[in-house]
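# Tertiary structure, described
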Amino acid sequence: MWVLTKLWYMRSQVHSLYRNYRSPEELCPVADMEQVPATGRLVQITVTDGYDVKGFKGETPVTFIRAEFNQVVLGDSAKITVSPEGTAKYNFTSSFEFNPEGGITLDDIAHKPVFLTMSEVLPKEKKQKDEKTLVLGQAVVDLLPLLEGESSFEMKVPLHPVPGSPFENLRPGVKQCSLAVKVFVAEPLLTTAQVLGGNLLKVTLEAAYSVPESFIPLGPLQNYMVGLQVPSLGEKDYPILFKNGTLKLGGEREPVPRPKKWPIANILAPGANNIPDAFIVGGPYEEEEGELNHPEDREFRNQAECIKKRIIWDLESRCYLDPPAVVSFQKRIGDCRLWPVEITRVPLVTAPKGKAGKLDKIEDESQPSFHGVAYVNMVPLLYPGVKRIRGAFHVYPYLDSTVYEKTKCLSSLFRDTTHHIIQNNKIGGVNSPLAKVVVSKNLKEDKTVKEKDVDGKFKPVDAQAASIKSQSSDTPLDGEAPLSHNLEGQQYVEAGTYIVLEIELDKALVPKRMPEELARRVKEMIPPRPPLTRRTGGAQKAVSDYHMQIKNISRSILDEYHRMFGKQVTKLGSDIDSETLEEQKCQLNYELNCSGKYFAFKEQLKHAVVKIVREKYLKTTSFESQEELQTFISELYVFLVDQMHVALNQTMPDDVQGAISTIPTSSEQLRLFAFEAEVNENFEMAAVYYEERLVREPQNLDHWIDYGAFCLLTEDNIKAQECFRKALSLNESHIHSLLLCGVLAVMMENYEQAEIFFEDATCLEPTSVVAWTLLGLYYEIQNNDIRMEMAFHEASKQLQARMVQTQVSKQKSTGAVEYVEEARKIESILIPWGATNGSSATAFKTEAPAAPGPALSILDEFLEESSKLQSESQEPILGAQPQDPTVVLKTSNTFLKEISEKKEASKGQDSSAFLHPSPYFGVSQTPTTIFMETIRFLMKVNAVQYMHRALAHEVLCPQGGPSCEYYLVLAQTHLLKKDFAKTEEYLQLAAQMDYLNPNVWGLKGHLYFLSGNHAEAKACYERTISFVVDASEMHFIFLRLGLIYLEEKEYEKAKKTYMQVCKRSPSCLTWLGLGIACYRLEELTEAEDALSEANALNNYNAEVWAYLALVCLKAGRQLEAEQAYKYTIKLKLKDEALLAEIHMVQETVGFGNPSF
């Protein structure tokens, strides 16, 4: 009976093989591959043991294992009785021959597992001739390690129960039955070159959502299939097919994570369908690479994936790519960015018994219905380090012209090979290369689809025009042949059908540099700064510091004495008696104690005394007795008093009298003074201030970056590069230093170094929008469109995530509901650049391509429209709500004021010749783009040459375009060149877009001021300071407005203006302007105070000395007047009118000029 059972099983297998027969050419997609030897290799699968085995009847059942691979039985094990402990020693070995030339191929091993079926042999009953067997379960052995270069491996695989098996419903805590399996091959299936150069492609088809309403589960059974072609060796493509999709009515979302399934049908155990350790995990829509990853798509996808009908596959198919196939795969992606993924529906027809011929006839006549296609952008697989793309892709009607235009594909996987697909209809998604191509036929129209009016039929297409555009920036689909050629496929568009697909590679096609390698390359170019030598102080240094503190304190006490008794001492001269001195001493002590200065002096001296105790007396521990402490204090007191006298004796009287009290300046003040020097084109003085900052804090990165930016302003690129590299040597992880080194490398045409700097910056800070954008601009210079698109897409994604996070934080902190709507508005505006899969890198290149394409015509139309809009709107845009959405992006929005970034501290950043670049944002700001954010960064560091490329992208960017801020930046760059005509033109355009922007009026004032039209400049400046919201930089607006008031002799207004700016950001120029205004108002005391402040901040300003001389002349102080005049002449005052005024006053009072 066992023999008869075996014969019956072999007969069924023969029938199965006959139905699914494929020629050797079909079974071997890489038959001409030279790397694989022609001889076959035996792959052995050994089942050693079974654990926790149970049967239907009894505690010690008799079981056996059947091994199957590629729908062929490899053999059965001996019948083994299970021990009472549930273990079974099978030691069963089966094998199959791997022979790529005419048998089992690498692709079969890649996506087909070995099935181990465990069956129980039931005891014979009375009058029973044959033994009965019942299947207990199936185990799955994945052979994928053989494609990773291994020749043997062991694993413990679980036994998945079949329905009704005793393993099906185990109690909690009961172990699942498992099998110990060994796989062995005499030598590896792949050579070392194949392992290193080959790759494994995994394609996962999850589902098709929002399928047409005509898809109903009732009626004839349908086979829902999806397929795509993978390039192989030669001109032949290797198809990957997914079959037997399950139509579901919806009502709930598919669970995640859920297991991926084998693309194989007729698996006995439901659990054996699942691929081990492979799951569909889903993820946020925004992180996908497909077409429906925009904020406006979220609501539709939620409805489609929860409520609407869908077709579920959850299948993963694998395909091995040998090294030549990898090269072909990569080249095909570069040549054809979009790949067609076809979808169709084939009816499952069951022929009556004895009518096989009729079945064949039906199959021959059948054509795929509902033939659609999705266009998958494969370009992200060419991004460095990218191994996986996943996303949702729209399904469109399959039209030959459209498919060829977008994908350069000449044949249809389903329509041209329908007969072969139907013949293999029961394989269930197995990869099956096509042997021949059948002549194309037109699809038959579905009789159930009623014809509609033309307008009503094509209206949904117009609504989705944006998403139907070619992902390689080709012409949109509305220029295609009439869609009536595929009425069934048109239903996909009407229903909004999309498929969710994942494509994954084992290794990235383009390897990405590791952060360690980038850090090493940066160190090679810029060696890290050696650590500072540790300061060692001895006894002599401690005493010297003590002397210095004594001198400083003594000078401070003398200054206090001079403030209290200076006038009294001047009157009495040397006639002061001892009683008066004693009284002054008591008053001075009282003042020092009351004001707290005595305590401050004591604290100032404490550190020096502690150093003497430690370094000279070597006392670092506590004293053992009180007597020892008193003795030490007495000795220390004598020493300190002696050293105090030594320090005081070293301080000469002339030194004390000549000591000038200085106002300590902070680093930010020095930076402001440097900006003011740039305003006056005094670059030598500006360099002095920058160098002073470096001397004070040589380890401060910002000081080096500011100095480098100043060198860029003066076009000294060599010194700028030295400064940026110095900053980077102090901190190799400083992002701005890396980016600036990269910018300088590009400007100096050291492109290899620039790429290292930019890539290192993106590795260290992957969320930096500026880093990714600068990297994209670099790739554009290198004409690397794919990597440029990758960098811009990543920058847009990071910017969108940051803006959404900002709005969520605001919503949480304020509890205001409107912030949620604002976040949605921002999300809808900040569509990731390049992530739409309907745009191409070449469409937004700043350099014109060789031949103008449809995309450029669209851009020209956009620019034409915007220019027309600007020319028509001569009146300022104040409150009108434009109908064109492109205008809405450019107008001032109140909610954008709330989300604008905080402006920087008020610093002088303009220049009469070179206005220091500063970003004009913070007021009525349009939605930020990656290019505008990069422009702000480049403006801060004066990288004007590199900035023009970003400006070109900003005007072409769909989310950007000409905005108020864009025109302000252009106006500022032209103002740097003193191109006043262009500056005025761009400012006019900026004012049309945002008439109430104070930055527009401030820059207008600078334009008129520098061109000599002080009357217009005055009006603009007054309008600027009258706004509730300040302009980005108010310092020079106040300075220049005050100067105009002085010229027009409006001294009260000038005094008020200068007092405002002195409170905001005091400097030598602000105090000088206040002193001049007070002098002209005959307020000599106030004028002297203001001029003294100015002189303390900068005693090299000749104009300050000149007005001090005038004040002293009118106050009758001859000695001080002569001293001030002497420094005025020494510093070479250039104002001849002011010098003449000094001479006239000197002649009037009769002193002040020692030369006559």
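Residues numbered from 1 in each chain as written. Predicted model: local features only at pLDDT ≥ 70, side-chain atom pairs only at ≥ 80, totals over all residues. Heavy atoms only, no water.

### A word on the overall build of the protein chain
- Helix and strand content of the protein chain: 43 helices and 22 strands.
- Sorting the 1156 residues of the protein chain into buried and exposed places 52% on the buried side. (Helix = DSSP H or I, 4+ residues; strand = E, 2+ residues; numbered from the N terminus. Buried < 20%, exposed > 50% of the residue type's maximum accessible area, 1.4 Å probe, protein only.)

### Quick look at the nonpolar core
- Leu201, Trp313, Phe329, Phe758, Leu774 and Tyr946 are the most contacted members of the largest nonpolar core, which has 193 residues in total.
- Per-element tally for this core: the top contributor is helix H41 (residues 1102-1115), with 11 residues.
- Grouped together as the second largest cluster of nonpolar side chains are 41 residues, Val43, Ile65, Leu106 and Met118 included. (Core = buried A, V, L, I, M, F, W, Y, C linked by side-chain atoms within 4.5 Å.)

### Some words on the environment of Glu1083
- Examined against the element boundaries, Glu1083 turns out to sit in the loop between helix H39 (1068-1080) and helix H40 (1084-1097).
- Along the sequence, Glu1083 and Val1111 sit 28 residues apart, while their C-alpha atoms lie 9.5 Å from each other.
- Setting aside its immediate chain neighbours within four residues, Glu1083 contacts Lys1055 and Cys1078. (Contact = heavy atoms within 4.5 Å.)

### Looking at the environment of Gln540
- Positionally, Gln540 belongs in helix H14 (residues 539-572).
- Look at Gln540 and you get exposed, because its relative accessible area is 71%.

### What to know about the UniProt feature "repeat: TPR" (unreviewed entry) in the protein chain
- In the numbering adopted here, UniProt assigns the feature "repeat: TPR" (unreviewed entry) to residues 1035-1068.
- Secondary structure within residues 1035-1068 divides into 82% helix and 0% strand; the distance between the first and last C-alpha atoms comes to 13 Å. (UniProt positions renumbered as here; feature names shortened; annotations may be inferred.)

### Focus: the packing of aromatic side chains
- If you walk through the whole model with that rule in mind, you get 23 aromatic pairs.
- A centroid spacing of 4.8 Å and a plane angle of 85 degrees characterise the contact between Phe215 and Phe370, whose relative ring orientation is edge-to-face. Of the two residues, Phe215 sits in the loop between strand S11 (199-209) and strand S12 (222-231) while Phe370 sits in strand S19 (residues 369-377), which places them 155 residues apart along the sequence.
- For the pair Tyr966 and Tyr967, a centre-to-centre distance of 5.3 Å together with 65 degrees between the ring planes defines the contact as edge-to-face. For the pair Tyr966 and Tyr967, one class covers both residues: buried.
- Counting every residue linked through ring pairs, the aromatic cluster contains Phe215, Tyr224, Phe370 and Tyr492.
- The side chain of Lys406 reaches across the aromatic face of Tyr375, ending 5.4 Å from its centre. (Phe/Tyr/Trp six-rings, centres within 6.5 Å; stacked < 30°, edge-to-face > 60°. Lys NZ or Arg CZ within 6 Å of the ring centre and 35° of its normal.)

### Considering H41
- Here H41 is 14 residues long and its end C-alpha atoms lie 20 Å apart, about the 20 Å a rise of 1.5 Å per residue gives.
- Along H41, 11 of the 14 residues are buried, which leaves the element largely enclosed by surrounding structure.
- Turning to H41, its buried residues number three or more, namely Ala1102, Val1104, Trp1105, Ala1106, Tyr1107, Leu1108, Ala1109, Leu1110, Val1111, Cys1112 and Leu1113.
- Taken together, the buried residues of H41 touch H39, H40, helix H42 (1118-1130) and helix H43 (1136-1149).
- Backbone geometry just downstream of H41 places Gly1116 in the positive-phi region, at approximately 80 degrees. (Expected span 1.5 Å × (residues − 1).)

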